[in-house]
Structures are given as C-alpha cells and as structure tokens.
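Remarks on the overall topology
What follows is the residue order along each chain.
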Amino acid sequence: MLYKDRIGPTDLGPEEMFDIPFTSVSSFVLLMSSLTVVLAITALRRNDIRRSRIWLLSTALLGAIFVGGQVYEFTAFYREGLGYTTNLFGTAFFTLTGFHGVHVTVGIIFLMSMYIQSMRGRLTSAQEERLEIIGLYWHFVDVVWIVIFTIVYLFPQ
Amino acid sequence: MTIVESEETPLELESAEGEPPADKPLGAFTRPQGGNGWKDWLFTVDHKKIGIMYGAAGLLFFIIGGIYALFMRLQLSRPGNSILSAETYNQVFTMHGVIMIFLAAIPLGAAFANYLIPLQIGARDVAFPRLNAFSFWVFLGGGLFLLSSMFIGGWWENSPDGGWFAYSPNTGVLFSPSKGIDFFAIGLQITGIASLVGAINLIVTVLNMRAPGMTLMKMPILTWMLFIVQLLLLFAMPVISIALFLLTFDRLFGANFFNVAEGADPLLWQHLFWIFGHPEVYVLILPSFGVISEIIPTFSRKPIFGYPFMVFSGIAIGFMGWGVWAHHMFASGVGPVAVAAFSVSTMFIAVPTGVKILNWLATMWGGRIRFTTPMLYATAVVAMFTIGGLSGVTHSLAAADSQQTDTYYIVAHFHYVIFGGIILGFFGGFYFWWPKIFGYFLSEKIGKSSFWVMVIGFNLTFGPMHILGLQGMSRRIQTYSSGQGFDLWNLVATIGAFMIAIATAMFIWNVISSRKAFKAGETQAPGPDPWDARSLEWMTASPVPEHNFDETIHVEKQDEFWHRKWGKNEEGQVVRRATAEEVAHDGSNTNVHLPSPSYWPLVAAAGLPIIGYGLIYSLWLCVLGGLFVLGGLYGWVFEPVDDPNADDHHDDHEDGSHAELESAGVTSSGEETTIE
Amino acid sequence: MTTIENKELEESWVKQDWVYIKTALILAFFTAIEVFTYFESVHKAPEWLLVTTLSFLMVVKFFLVAGVFMHLKDDNSVFTKMITMGMCIAWPVYFIMAFALGFLPDWNVIIKVLFLFLPPGVAGFWLGFSFKGGDGGHH
C-alpha cells in the first residue's frame, strides 16, 4: 500500500522480504516488556526493591531480545540483497525501524542504569518518580512500535 | 493554579531524600557557586542571565546577517557588478536567510521569553533551570557551527548555497557537492534541539508555575503569545528535524529519500519543509505581537482593547497556521485542487491578524499617548506589518502569485513582515525593558533619531522591491543587465540598507553611551516602574534581583500591578491608590533558595557540534562528541538538584565562597520553584 | 520472613497490579488477531476488511498503552487535551500531504480511505481510552 507504483516490479519489496511470524513474536516480546516495566514501578512504589529489580531486569532482557530480533532481521534482509541504499523501500524501512531500534537500545541503557543503581542500594521508593519517567519512555517506544508494526508490516501490499 | 499536585512541603520532593550526596561526588570537579564573574555566566541556570545571553547572541547574529545583506546590496547596486561571484552570492543569500531567521529572530524571541515569562507570571525561575541553560548552549554551539562553514575548507567554499529553504533534490549530493548543505542540515538540526527543549520548558513553566490567583486568562498578552509560540515550536520542530535527517542521510549515507530515480517524490522536501516553515513564521511574529501588546497599552494609558479577542486570535493564528503551508508551493505543480484549497485557507488566516491590528488601534484610540521610543517602534510595527500583510494577501490569490512568486515582490512582502513586524517590535521591546533588565535608561534622544533612520532606511530598502518584483526582477540572482528598468530602485534599496546599518550602529552606540552616562551619574536610576506599566515584572526592583520577587504575589485581576497602583473612586474616576515604589518589591529578601549553577548542561551541549563535525569529516569525532553528551547527561542526572555546599542564606549574594556542608535531608528541590 | 507472609506478599502484588496484567492480556489477544489477518491476507480476504480491522486494533492498542500503562486517563485532563490537539493537527496535515503527493488520486480513493480510517480511529480511541480496568494505581 505504501510503495504502490513507487518501486517497480522487484523481488526486494515488502511482500517478498517480510517474515511476519518472526516479527510478530518480537512484537509480542516488546509488548510484554511494557507490562514488566509497569510491574517494576508498582513494586518500587511498594518498596519491594527485590521484585522491582527482577522486573527491571526482565524488561531490559525482553527489550534486548527485541533488538536482537531486529538485528537478525536486518542482517537477513541484507544477505538476501536488500541494503540501505538498494531502493526506496530499503531506505525507508531501515531508517524507520533502525531509529526505533536505537531508541529501544537507549531505553535499555536507561533501564540497566537504574538496575545498577538498585544494586548499589540507591533505588528506593523515594526515587520512584525517576523510574516512572523511564517507564513512560519505554511505553512510548512500545506504542510507536505498535503503529509501525501495523502500518509497515501488516497492511496488505 | 498548578497541574502537578503540590505536596505538603512543596520544597522537598520525595526523590530528594535518601543518602545525602557527597560534597565532591565526581572527584575533583566541585560544583560552581553563585556570583557575577565570567564563570557565573558560563554555568548559570538563572533565566535572567540566560535571557540576556540569548539577546546578546541574537543581536550579534543579527549584525552578522546584516553585514551579509550589505554585501548583497552592494553587489546588486549596479547592473553587471562583480563584487561577489555567482557561487559566493548563492552562499551569501542563503546564509543571510538562515542567520536572520534561525540565529537572530528566534533567539531574540527566546530572549524575551526567557527573561519575561517567569517574571510576568510571578515565578522564581523556569520549570527546568538546567535544561534552560542546556538550550542556550546548544543553540550557541549550533549557531557557531553554522557560521564556521564560512571559513572551513577555505573562505566561502563550504557554506550552504541552496537558499534558506534548501529544496531537495537540488540540495542532494549530485547537485550540491560542496559540504555546505551538510553544515546547513546538521547546524539546523542542533539549533532545532535547542528550540524544542526550550519549548517544553516554557510550556511546563506557564502551565505549572503561575502565581496563585493568576488564571490563564489573567496572564499578560506577551506571556500568552509566547506560550502559543512554544506550542507551535513543540509541534513544528519535529517536522523539520525529520526533513533534515532525511536530507542528511541522503547526503551522507546514500539513502534514497529524495532520489527520484528510485521512486522518490520530488515534492517531498517541499511539503515537509513548509509544514514546518509556515508555523515557523508565526513562531517568529507572535513574540513581537506580544511585545507591542505590552507597549501600546502602557503608553496609551489604557488596557489592551479586547483582551479575550487578542488571546483567541493568537490561538487561531497558531492553529490555522498549520493549514496554509502549500501557499509556498503554488508554482510547484501540486495541482489545481490543492492550489485552490490553500489559496482559500491563506485568505482566511489574514482575519485573526486583522483582529489584532484593529485591537491595537482601538487601544490607542482615546488614550493619552506618550510617544516614547518604544511607543514609536510599536506604532511602526502596526503600520509596517499592515503593509506587509496586505502584500501577503495579494499572494494568497494563487493566480496573482504565479506572477509574483520568486520575484522581488515576495522579498518585499516578507521583509516588511519580518523586519517591519519582528525586528522593529523587538527594538521597541529593547527600549521598553532595558531599564528593568539593566537598571539604566537608554537615551531617548539617540533612540528617537535612530528610530527614524531605521524606519526611513527600511522603507527605502524594501519599498522599491515591490516595484522591482512587479517589473519582473527575479529573486536570488547575482546580477542583472541594465536597460530593464531595475537600476534606479536597486540603488535606492542599497542606500536604504546602509541606513539600516547606521541605525543599528546608533543603537549599539546608545547602549554604550547610556551605560557610561549612568555610571558617571549623569542619568537617574529608573526605579522599579519607570513607564507606569501594567504587568508583574515591573513590580520588583531594577535591575531584577536574582530571586525575582521578595514574596509570593497573590493575583486577583488581569494587569494586577496596575490595579494595585490605580483604583476607581465613587464617581468612577481613576485615582491613584499607591505609588509604584510602595507596591513594588525592593529586592531585600535575599533569604531565598535558588537553583544552583551547574556545568553539566554546558558539557552535554558541547558534544553536539563535535558530533556535527564528525558526521562531516571523521566519524571518530562523533564518538568523542557522543562521549561528551553521554557523560554530560549522566553527570547531570546524578547531580543533586541543589548544591549541598551552598549556604541557604547567602545564595543571592555576590560572595562566592560557601564551604559549610548542609545537614542531610535539607536538600530542597530547585526544579519546582514554588515560592513559600 | 515466614512462608505465610511470603504468600501474602505474592497474592497481594498480583491482585494490586491486576489492571496491568489484564491490559497486557488484552493487548496480546489483539496482537494475535492482527497476526491472524496476515494469514488471512494470504488467503485473499477483502483488502478493505483487513485494513479496517488493522487500523481499529492499532488505535485501540495505542490508547490502551497510553491510557493505562502511561496512565494518561488517570492524569489531569489537560494532557489528554494536548494529545488530542496534536492528533487533530497531525492527521489532517498528513492526509492533505498524502493527497498533494498523489497517494489519493481520486474521490473513490479518498472516500475509501476516510471510511477505512476515521470510524476505526475514533472507535478505537474511545474504546482504548475508556477502558475501565479499575484504579490504575492512583498516586
């Protein structure tokens, strides 16, 4: 739908390249990471430091799995011939999902920083607001992915 | 009225508790203290100092951009001239546009916003003081980055040359091989960050930090206009950020966003740029509208006529500004339906501005007008902007615009609204608030004479351009052949341009000589309220003390300060209730905690231009710049909001040495600066 | 800590955070439907049905996450107004630009797009946002 009439007949277009089942799994993973980060925040609010740390680590882990899935997808596309500069679809796709992946990575760095702070005993319910802000950032990343996944991957071409 | 629920002890956020931070959390680097030396300007988080720095930088860039304009005018003063080659001329007019809009007009607006918004709403500072400092340093870095293109790689080799709106695919690698467009894209990306961050800061400030009793509809018009500007910036800056990213990736990494051969749309850049570009011009003009909405009531001794209409027309301008962007694209082949639709919407947007013009006139009507220098400038804005607005309405007719576009008629239009509307308004604002900010008057004599030189020069420069445009002189041409009838008016325009330069020099002279005269005791101190003005910033000493107000002001009416000085007797006549000196705070309550200075914003901001140079020249610089940014951000985040070393009771003094360690737990939040 | 206290702690956090877990389950369910449409598209279900369903689900998920996880529906209404204002500016601009760039070449396409996106968009917004999951941890 997005690239109709813009890229000619090619075997390097969206229909041919996307592996929807694979991407669905990584989408699901990211969605669940939104849940875990909320649980981390509520646990911290209750001063359940141990549990908040567990949820924090899970969120970072799930995020890392998502990024890993993206990296795998990118390298698979590249091996099949779709590079960044190959055609309009390649450019647009890699830029959009690449920027998203960078934002997820930054989020993982945030989460791990908080995890390290927690290990050093500096993350208590008094710093709840800080974690909540990071949680909002993480949800933003997730929400953008919801839109990207639907429009880029799922809309019939 | 705040949105965030304040707690019982508003000065102590929960997050401030916990382990008391060490007094030297990062080893050798101790936190800077307050005071007035060069370090205090470098590390300040005080909105007033930041506002002054924005103003100084904006004025400096205005002069640089003006010098570029003088070169252009010299080149065009005679047909067949060869002062500037064609390639250089392209760079000069591009840089003139970019500097004037992004490095002069926006920062001057930011200067007024930063200095005056907290004062006008009765607050201590903005919502996020360190972020405010970050904004300024990022802007300065980006501006210097842009200007450095002038001499890097040789004089005038690598400056952007694609016009200030840099249409792609023309600005892609194929047609613009020099590094100029890279400087353009990355430089504007950096200054864009500054604007966006500042917008968020000021929106939160206006929504959260108004004095008790000040509802939104009791705010001064200037604050309202600036608030709308920040909302416009919030939604418009991301669009240009995206466009610049696409351009940068096309140029640096071979992306295909503007590559027509691969299926890209040749109009994509134009749409993206103008979706940003049109709200941008309202970002430019609304601060000036706000400034004259403060000056005119003061010097007409009447409240602004139709306050709700002024507010709602400002909101309407902001909202409708999103629906007119393709009027910059009438000649680019968008098709008759789009052209017709945008033509109509452009005609509509003249209406709210017309409402404002009529309201200003109605404010002056029947008032006891004093034509001081600021009032002269404000009146000139009303007149000049009307002229520029009328030529703008002629552009809205797409059929007529097909003749006018890319001629000097357009140049005349936008200079009348930009210079006549924005710059004259800002100069009026300078004269109006100078006594408040710096504590001495600017000479009225020099002010009035420089005003006339400026206005006459301005009209001589841009008035004839209407004629030139309609006679067919195209814009952005390096020279023209004689015998087309362009010679006389071009010469007149050049003379006018030099008159503007003289007027600007007279302003600088005014600043220097007035300060000297004041220091020598020849002029009087202005006191808190030299103009008998209406809003809260006049209710404190001049220059404004570091803590702004001595105590929280409870606001009951719009123009609260005015109503404390003047009331009505039984016959309905206006009688004085109190003198300004009685009502205004004298700045003596220095027992106030202020947000501590910090150097992390500067560190983080310094990394961005380094990343910029890295993108153009060597990716290792990107790593270095990235380290600065990352380190700066981490240091910033983990720095306690207030310096535990700072002695609470002397934050406001010039003395800079405070070595006592505060007792744990009394670290109050400087980020939420409710006064109590 | 005794085992009994442990168990109480166990129970209580699941109960307290039940809203979020419930929301996550709904989100997972919607994602499953979305993925199902992919297989349906291969089996040639009509395009308009797929696009409508996908748009609707996308908007519902968006506002579920924004409303519940990001507690937008529990915050001061100014923020809701701001995001609505942003959406009301952004989407019309987007569609005008799509039109001007030739993505919507004629009225048939325009009407199709309007019907495909507007109703699901509005319905999704209303549904996702007014999700009554209970008190989302009011603070």
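Predicted, not measured: the structure shown is a model, and the values here were computed from it.

**With respect to the overall build of chain C**
Secondary structure assignment for chain C yields 5 helices and 0 strands. N-terminal to C-terminal, the α/β element order of chain C is α-α-α-α-α. Relative to its full complement of 139 residues, chain C shows a buried share of 39%. Partitioning the contacts of chain C with sequence separation of at least 6, the portion at a separation of at least 24 is 74%. Carbon together with sulfur atoms contributes 73% to the accessible area of chain C, which is approximately 8,000 Å² in total.

**What to know about the overall build of chain B**
For chain B, the helix and strand inventory stands at 18 helices and 2 strands. Burial status across chain B gives 59% buried among its 676 residues. If you sum the accessible surface of chain B, you get close to 25,900 Å²; carbon and sulfur atoms cover 67% of it.

**Section: the packing of aromatic side chains**
If you walk through the whole model with that rule in mind, you get 85 aromatic pairs over all chains. Relative to Phe89 of chain A, the ring of Phe18 of chain A has its centre 5.7 Å away and its plane inclined at 75°; by these criteria the two rings are edge-to-face. A residue pair is termed long-range when its members are at least 10 positions apart, and Phe18 of chain A in the loop between helix 1 (14–17) and helix 2 (20–45) and Phe89 of chain A in helix 4 (residues 88–119) qualify at 71 residues. Side by side, Phe18 of chain A and Phe89 of chain A carry an identical accessibility label, which is buried. A ring pair is formed by Phe61 of chain B and Phe139 of chain B, whose centres lie 6.0 Å apart and whose planes are at 80°; its orientation type is edge-to-face.

**A word on the packing of helix 3 (residues 49–79) of chain A against helix 4 of chain A**
Residues and elements named next belong to chain A. The contact between helix 3 and helix 4 brings their axes to 9 Å, and the two run at 155°. In terms of orientation, helix 3 and helix 4 fall into the roughly antiparallel class. Crossing hand, helix 3 versus helix 4: left-handed. The class makeup of the residues in the contact of helix 3 with helix 4 is 18 nonpolar, 9 polar and 2 charged.

**Here's the deal with the interface of chain B and chain A**
Listed as interface residues are 19 residues of chain B and, on the opposing side, 19 residues of chain A. Summed over both sides, the interface of chain B with chain A buries roughly 1,500 Å², with 54% coming from carbon and sulfur. Counting the surface chain B buries against chain A, the share from its top three residues, Asn256, Glu262 and Phe638 of chain B, is 28%. Viewed at the interface, chain A and chain B are joined by 0 salt bridges. At the boundary of chain B with chain A, the tally comes to 4 residue pairs in polar contact (both at pLDDT 80 or more). The set of elements that each furnish at least two residues to the side of chain B that touches chain A consists of helix 6 (221–253) and helix 18 (619–638) of chain B. Classifying every residue of the side of chain B that touches chain A gives 10 nonpolar, 4 polar and 5 charged.

**Side note on a nonpolar patch on the surface**
Residue and element names in this part refer to chain B. On the surface, Ile63, Ile67, Phe71, Leu74, Ile83 and Phe498 cluster together into a nonpolar patch covering about 460 Å² of accessible area. Mapping Ile83 onto the fold places it in the loop between helix 2 (47–76) and helix 3 (86–120). The class of Ile83 is partly exposed, set by a relative accessible area of 43%.

**As for the packing of helix 2 of chain B against helix 12 (residues 408–438) of chain B**
Residue and element names in this part refer to chain B. One can describe the packing of helix 2 onto helix 12 by two numbers: an axis separation of 13 Å at closest approach and a directional angle of 145°. In this structure, helix 2 meets helix 12 at a crossing whose hand is left-handed. From helix 2, Ile52, Leu59, Phe62, Arg73 and Leu76 reach across to helix 12, where they touch Tyr408, Phe419, Ile423, Phe427, Phe430, Ile437 and Phe438. Grouping the constituent residues of the contact of helix 2 with helix 12 by class yields 11 nonpolar, no polar and 1 charged.

**Here we look at the environment of Glu132 of chain A**
Mapped onto the elements of the fold, Glu132 of chain A is located in helix 5 (residues 128–154). Residue classification places Glu132 of chain A among the buried positions, given a relative accessible area of 12%. Sequence spacing of Glu132 of chain A and Arg45 of chain A is 87 residues, and the spatial spacing of their C-alpha atoms is 9.7 Å. A polar side-chain atom of Glu132 of chain A sits 2.9 Å from a polar atom in the side chain of His71 of chain C.

**Section: the interface of chain A and chain C**
Counting from both sides, the interface comprises 33 residues of chain A and, opposite them, 33 residues of chain C. Contact with chain C buries area across many residues of chain A, yet Arg46, Arg51 and Pro156 of chain A alone supply 15% of it, more than any other trio. At the junction of chain A and chain C, the tally comes to 1 salt bridge. In this structure, Arg46 of chain A and Asp17 of chain C form a salt bridge, with 2.9 Å as the shortest nitrogen-oxygen distance. Of the residues belonging to the side of chain A that touches chain C, the class tally is 21 nonpolar, 5 polar and 7 charged.

**Looking at the pattern of salt bridges**
Oppositely charged side chains are able to pair whenever their charged atoms sit close together. Evaluation of the coordinates by the stated rule reveals 15 salt bridges over all chains. A salt bridge links Glu34 of chain C to Lys61 of chain C, with the shortest nitrogen-to-oxygen separation between them at 3.0 Å. You can see Glu34 of chain C sitting in helix 2 (residues 18–42) and its partner Lys61 of chain C sitting in helix 3 (residues 47–69), a full 27 residues away along the chain. The buried category is assigned to Lys61 of chain C, whose relative accessible area is 3%. Where salt bridges share partners, they join Arg301, Asp529, Asp532 and Lys565 of chain B into one cluster.

**So, the confidence of the model for chain B**
Mean pLDDT over chain B stands at 88; residues scoring 70 or higher make up 89%. When the criterion is pLDDT under 50, residues 646–676 of chain B qualifies, and its contacts beyond four places in sequence or with other chains add up to 73 contacts.

**Focus on the nonpolar core**
Where a protein is soluble and globular, its nonpolar side chains tend to be buried together. Ranked by size, the top nonpolar core spans 201 residues in total, and within it Trp325, Trp360, Leu424, Trp433 and Phe507 of chain B carry the most contacts. In terms of nonpolar packing, the next biggest core, distinct from the first, is built from 67 residues, Leu82, Met114 and Tyr137 of chain A together with Ile21 of chain C among them.

**Examining helix 5 of chain A**
Residue and element names in this part refer to chain A. With 27 residues, helix 5 extends 37 Å from end C-alpha to end C-alpha; this agrees with the ideal 39 Å at 1.5 Å per step. Along helix 5, the largest kink reaches about 25° and is centred on Ile148. Helix 5 sits mainly inside the fold: 19 of its 27 residues count as buried.

Scoring rules and cut-offs
Residues numbered from 1 in each chain as written. Chains lettered and ligands numbered in written order. Predicted model: local features only at pLDDT ≥ 70, side-chain atom pairs only at ≥ 80, totals over all residues. Heavy atoms only, no water. Helix = DSSP H or I, 4+ residues; strand = E, 2+ residues; numbered from the N terminus. Buried < 20%, exposed > 50% of the residue type's maximum accessible area, 1.4 Å probe, protein only. Contact = heavy atoms within 4.5 Å. Areas by Shrake-Rupley, 256 points an atom, 1.4 Å probe, with all protein chains shown as cover. Phe/Tyr/Trp six-rings, centres within 6.5 Å; stacked < 30°, edge-to-face > 60°. Axes fitted to C-alpha atoms, helices over the stretch in contact; angles between N-to-C directions. Parallel < 35°, antiparallel > 145°, perpendicular 65-115°, else oblique. Left-handed = near helix turned anticlockwise from the far one by under 90°. Nonpolar A, V, L, I, M, F, W, Y, C, P; charged D, E, K, R; others polar. Buried area = accessible area lost by both parts, 1.4 Å probe. Salt bridge = Lys/Arg side-chain N within 4 Å of Asp/Glu carboxyl O. Polar contact = N/O pair within 3.5 Å; in protein donor to acceptor, adjacent residues only side chain to side chain. Patch = residues over 30% accessible without salt bridge, like charges linked within 9 Å, V, L, I, M, F, W, Y side chains within 5 Å. pLDDT = per-residue confidence, 0-100. Core = buried A, V, L, I, M, F, W, Y, C linked by side-chain atoms within 4.5 Å. Expected span 1.5 Å × (residues − 1). Bend = angle between axes of the 7 residues up to and from the residue.

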